[in-house]
Amino acid sequence: MKHPYRLVRRGANKGQTITVRELSPTECWLINNVAHHSWQDPTFRRYQEKLKEWKEKAYWLSCDCHPEAVLYLRQAKNHITLLARSDSQYHSHEDNCDFARSTREDGDKKGGLPKATKDHVFIRDLVRNDEEPQANGNNRAGGHREDTLFRLMKKLLISAQLDVIRAGHRPQESQARNAIKSAAENFTVGGVPMDKGLFFFPYWNDMANALRTLPFKQNVTPHVLTWWLVKEYRQHQDGDWEVLVKSSPRRDSERWYRLNGTRLSFHHTRGRRDQWAILMLIYTESPDGNGNYFPRGYLAPVVSSNHWMVVDSMAEKSVAVAGRQAMEKSELDNLVMQKPLTERLETNGAETKLVLPDFIFRRESKEAVVEVMGTDDVDYVERKERLKPFMEAIGRYFEIDATATFEEDRKKAQYYYQVCKSAIEKLGS
């Protein structure tokens, strides 16, 4: 963080902010994550209480992009949101500030997510690939810096509500694509609307034309994004990756495509090579000026070609399938199964921690957690045990031992189903 967020007094003397105090690490996390939750999310409503408290005390915030740039809290119909002050009395926000574009209307009447807070730039003129990803850059277990492409992918999935499966809803691949495209309207890439610079396979001509015609910022190398549905992948001896791509909604419409020179990063677990996955790639001009290429991409396993819910392992995929079946057979209404993509704050006694449950079953304001124990590694088990009290603060807690062996796959599926069924039943009691 360039400049820590600070609470400041509302208003200022000729633009000079009056500091109340710096925000705590958990409060900073709240600011950076609150805009990506649906207003109907019970977790989001809890976060809103903190924003409401600040507003009632007549506080604003100094932004992390510059110590004299300020954010104010605006009361909308059903929520409070943070917006950037843009008048000349206050210091302007940096171009890449999360809140630089937040002065636009944010869809209050529709109760949707706020308009874009982040201009995503992956390649600048002077430093190509300026946001270097870490290999397998997941920060759940190892604490590594999270891949920038995956951070964007998460925002799009959450905004498109593809991190959840709803009972009675039968999604289609075309619906998932349309939801992502609609979510992209809330963001920009290199200064242009992301929905104009996001393409689904195989629209090559459209991507090349976009590189030439879209009005990118002056310090940005023209680059667009493409989203592929991948059925299988393999690596050649020279290090290049090749992916089997779902090239159209038609059944069996697939083709292998070689990613020459692409640096491909994976979710912290690759899953199986023949498991459905979503792949986001950057598309830009070749450094030698000879055509276009994909400098880097990020691949994340999903439940199926229709359900673009990102999972961390084959065991989680099986649990997602079992949970969907259990919801369909339940007599309860308004059931939702979520695979959280962002951490949430939970309190146990006087201690507060960030937790990322494997699955959450939700019915109205009630929630139940299902954790998938994928290994018996001592450090892993101990970490899960330390976080368990904070998981239990969410709702009833259930564990699935994915290391257990069964004589038949059918019995393992039944075991997963029964645990999910038990979690759902608690939501009706």
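I will try to describe carefully the structure that is included in this document. Note that the structure is a prediction, hence the values are computed from the model and not measured. (Residues numbered from 1 in each chain as written. Predicted model: local features only at pLDDT ≥ 70, side-chain atom pairs only at ≥ 80, totals over all residues. Heavy atoms only, no water.)

## Remarks on the overall build of the chain
Secondary structure summary: the chain contains eight helices and 23 strands in total. Counting over 429 residues, the chain shows a buried share of 51%. In the chain, of all internal contacts separated by at least 6 residues, the share reaching a separation of at least 24 is 61%. Accessible surface computed for the chain: about 20,400 Å², of which carbon and sulfur atoms make up 44%. (Helix = DSSP H or I, 4+ residues; strand = E, 2+ residues; numbered from the N terminus. Buried < 20%, exposed > 50% of the residue type's maximum accessible area, 1.4 Å probe, protein only. Contact = heavy atoms within 4.5 Å. Areas by Shrake-Rupley, 256 points an atom, 1.4 Å probe, with all protein chains shown as cover.)

## Structural notes on the pattern of salt bridges
Considering all chains together, one arrives at 19 salt bridges under this definition. Here E254 ties to K231 by a salt bridge, and the two come within 3.2 Å at their closest N and O atoms. With E254 in strand β13 (residues 254-259) and K231 in strand β11 (residues 223-235), this residue pair connects regions lying 23 residues apart in the sequence. Through salt bridges with shared partners, a single ionic network connects R344, E346, R362 and E367. (Salt bridge = Lys/Arg side-chain N within 4 Å of Asp/Glu carboxyl O.)

## Section: the sheet that holds strand β8 (residues 188-189)
Strands belonging to one sheet form pairs held by backbone hydrogen bonds; the direction of such a pair is parallel or antiparallel. One open sheet accounts for three strands, arranged β6-β8-β9; its pairing is mixed. Each end of this open sheet is capped by a strand with a single partner; those strands are β6 (119-120) and β9 (192-193). Of the pairings in the sheet, the one linking β6 to β8 comprises two bridges and is parallel in character. Residue pairing across strands places D119 opposite T188, the latter belonging to β8. (Pairing = 2+ DSSP bridges.)

## Concerning unusual backbone geometry
Even without glycine at this site, Q161 takes up a positive phi of about 60°. If you trace the backbone, Q161 turns up in the loop between α3 (148-159) and β7 (164-166). We classify Q161 as partly exposed; its relative accessible area is 40%. Positive phi, close to 55°, is recorded for E364, a residue that is not glycine. Mapped onto the fold, E364 is located in the loop between β21 (359-363) and β22 (366-373).

## Thoughts on the packing of aromatic side chains
Scanning the model with the defined rule gives 14 aromatic pairs in all. Taken together, a centroid distance of 4.8 Å and an interplanar angle of 75° make the contact between F201 and W228 edge-to-face. Here the residue F201 occupies a position in the loop between β10 (198-200) and α5 (204-213), and W228 occupies one in strand β11, the gap between them amounting to 27 residues. Here F201 matches W228 in class, with each residue buried. On the basis of an interplanar angle of 90° and a centroid distance of 5.5 Å, the ring pair of W228 and Y257 is categorised as edge-to-face. Taken together, the residues span a long stretch of sequence, with W228 in strand β11 and Y257 in strand β13 at a distance of 29 residues. (Phe/Tyr/Trp six-rings, centres within 6.5 Å; stacked < 30°, edge-to-face > 60°.)

## As for the sheet that holds strand β23 (residues 396-401)
If you trace the five strands from one edge of the open sheet to the other, you get β7-β18-β21-β22-β23, paired in mixed fashion. Bordering the open sheet on either side are β7 and β23, each of which pairs with just one other strand. Sheet twist, expressed as the average angle between the axes of neighbouring strands with direction ignored, equals 20°. Judged from the five bridges that link them, β21 and β22 form a sheet pairing that is antiparallel. Paired with F359 across the strands is V370, a residue of β22. Here helix α6 (residues 314-329) sits on the sheet in contact with β7, β18 (335-338), β21, β22 and β23, set at roughly 175° to β18. Sitting on the sheet, helix α7 (residues 378-392) touches β22 and β23, and the angle it makes with β22 is about 175°. (Axes fitted to C-alpha atoms, helices over the stretch in contact; angles between N-to-C directions.)

## Details of the environment of W204
If you trace the backbone, W204 turns up in helix α5. When near neighbours in sequence (up to four residues on either side) are disregarded, W204 contacts W228, R255, Y257 and F294.

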